[in-house]
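In case you want the letters, here they are:
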Amino acid sequence: AHPRWSQDGKMIVFAQVLDTKGLNYEKSEIHALEVNGLDIISDQTIIPADGSAFSDLDISPDSKTMIYRKSFQNSIGDTNTRPFLYSFESKNNIELFKMLDGSNNRDYWYSFSPFPENDYYWVVFFSRRKYGNKTSDGTSQLWIAAINKDLSQGIDISHPAFWLNGQDTGTR
């Protein structure tokens, strides 16, 4: 599920589903395939199964980092999810608390911008979080967060997300 190619074309990441209920699943692990054209060079489990469902994978434009969503109940409609960042170089796997809005159940479909800026990656995602004094009724809006590129410390290097201006807050 959720396969993504690296920008350099040398890797594919995907969630290997370990159980399924149609499109929904409760357990998975994340694999990285090293590829050369149509040939698979290696298949590594980079995030082993821990009873969670992993989804919404994306690889950074420099192919050094992967963002993904960890769901503690299931892949669709889970109310307990969190974003994580994985470094292919250091193998650090970091939970991103700072880009959350105080809750951990409203963000999904993370996507790296193809244009990193200096020491930052930019990630856009959907969220059902509140905007200003507007209470969310399940309306999904686009939000953007900056994430430092240096994962060597193994600590949360995300920054608070901001709402992408110009969206209709009453439209789903």
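Everything discussed here concerns the structure shown above.
What counts as what
- Residues numbered from 1 in each chain as written.
- Predicted model: local features only at pLDDT ≥ 70, side-chain atom pairs only at ≥ 80, totals over all residues.
- Heavy atoms only, no water.
- Buried < 20%, exposed > 50% of the residue type's maximum accessible area, 1.4 Å probe, protein only.
- Helix = DSSP H or I, 4+ residues; strand = E, 2+ residues; numbered from the N terminus.
- Pairing = 2+ DSSP bridges.

Asks: Before we move on, can you summarise the pairing of strand 5 (residues 53–59) with the specific residues and values?
Replies: Counted residue by residue, strand 5 has seven buried out of seven residues, so it is predominantly covered. Both strand 5 and strand 6 (residues 65–71) contribute to a ladder of five bridges, which runs antiparallel. Residue pairing across strands places F54 opposite K70, the latter belonging to strand 6. A loop of five residues connects strand 5 with strand 6, the two strands running antiparallel in sequence, and S63 in this loop sits at a positive phi of about 65 degrees.

Asks: Please set out unusual backbone geometry residue by residue, giving values where relevant.
Replies: Of note, D56 is a non-glycine position whose phi angle comes to about 55 degrees, a positive value. D56 sits in the buried class, given a relative accessible area of 3%. At N118, a residue that is not glycine, the phi angle is positive and equals roughly 45 degrees. With respect to the helices and strands, the residue N118 is situated in the loop between strand 9 (107–112) and strand 10 (120–127).

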